[in-house]
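Overview (structure and organization)
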Amino acid sequence: SGKPEKTFAVSTFVQHEITVNAFENYQYRLLNTSGIVMATGTGTKGMNRINIDNKPGGMYILQLFSNNEKQSERIIKQ
């Protein structure tokens, strides 16, 4: 099958924005380490950018959901 191992390719070490290269349309949630939702939104197939300039530095969890897949990534904002 030509399907990649991961549905979403995510930049995990970021300063101003998270880039998500998605193989299908999706929804996302950005949580801090306490589990509090800091941002939510949707993205489309292809390259997407999530601006996190207004968020403090530290670690976040990005949860990505599409019709068939769920993926979580640990994001470090400098």
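I will try to describe carefully the structure that is included in this document. Note that the coordinates shown come from a computational prediction; the quantities given were computed from them, not determined experimentally.

Scoring rules and cut-offs
Residues numbered from 1 in each chain as written. Predicted model: local features only at pLDDT ≥ 70, side-chain atom pairs only at ≥ 80, totals over all residues. Heavy atoms only, no water. Core = buried A, V, L, I, M, F, W, Y, C linked by side-chain atoms within 4.5 Å. Buried < 20%, exposed > 50% of the residue type's maximum accessible area, 1.4 Å probe, protein only. Helix = DSSP H or I, 4+ residues; strand = E, 2+ residues; numbered from the N terminus. Contact = heavy atoms within 4.5 Å. Salt bridge = Lys/Arg side-chain N within 4 Å of Asp/Glu carboxyl O. Pairing = 2+ DSSP bridges. Axes fitted to C-alpha atoms, helices over the stretch in contact; angles between N-to-C directions.

1. Re the nonpolar core
The nonpolar side chains of soluble globular proteins are, as a tendency, buried together. Membership of the largest hydrophobic core comes to 16 residues, with the highest contact counts inside it found for Val10, Ile18, Val20, Leu62 and Leu64. Of all the elements in the fold, those that place two or more residues in this core are strand E1 (8-10), strand E3 (17-22), strand E4 (26-32) and strand E7 (58-65). If we ignore the near neighbours within four places in the chain, the residues touching Ile18 are Val10, Ser11, Leu30, Asn48, Arg49, Ile50, Ile52, Leu62 and Ile75.

2. Overview of the pattern of salt bridges
Tallying each qualifying case throughout the model produces two salt bridges. Between Arg49 and Glu17 there is a salt bridge, with its nearest N and O atoms 3.0 Å apart. You can see Arg49 sitting in strand E6 (residues 46-51) and its partner Glu17 sitting in strand E3, a full 32 residues away along the chain. Arg49 sits in the exposed class, given a relative accessible area of 57%. Overall, the relative accessible area of 31% leaves Glu17 in the partly exposed class.

3. Description of the pairing of strand E5 (residues 37-43)
With six bridges joining them, E4 and E5 adopt antiparallel strand pairing. In the sheet register, Tyr26 faces E5, and the bridge partner there is Gly43. In this structure, the hairpin formed by E4 and E5 is closed by a connection of four residues, where Gly35 is found at a positive phi of approximately 85 degrees.

4. Section: the sheet that holds strand E2 (residues 13-14)
Sheets are built from strands that pair by backbone hydrogen bonding, the pairs being arranged parallel or antiparallel. The strand order across the open sheet built from five strands is E2-E8-E7-E4-E5, with neighbouring strands paired in mixed fashion. Two strands close off the open sheet at either side, each with one partner strand: E2 and E5.

5. Points about the sheet that holds E1
Spatial ordering of the open sheet is given by E1-E3-E6, a layout of three strands whose pairing is antiparallel. Edge positions in the sheet fall to E1 and E6, since each has one partner strand and no second. Each neighbouring strand pair of the sheet contributes to a mean axis angle of 25 degrees, computed without reference to strand direction. For E1 and E3, the ladder comprises three bridges, and the chain directions are antiparallel. Its bridge partner being in E3, Val10 is matched across the sheet by Val20.

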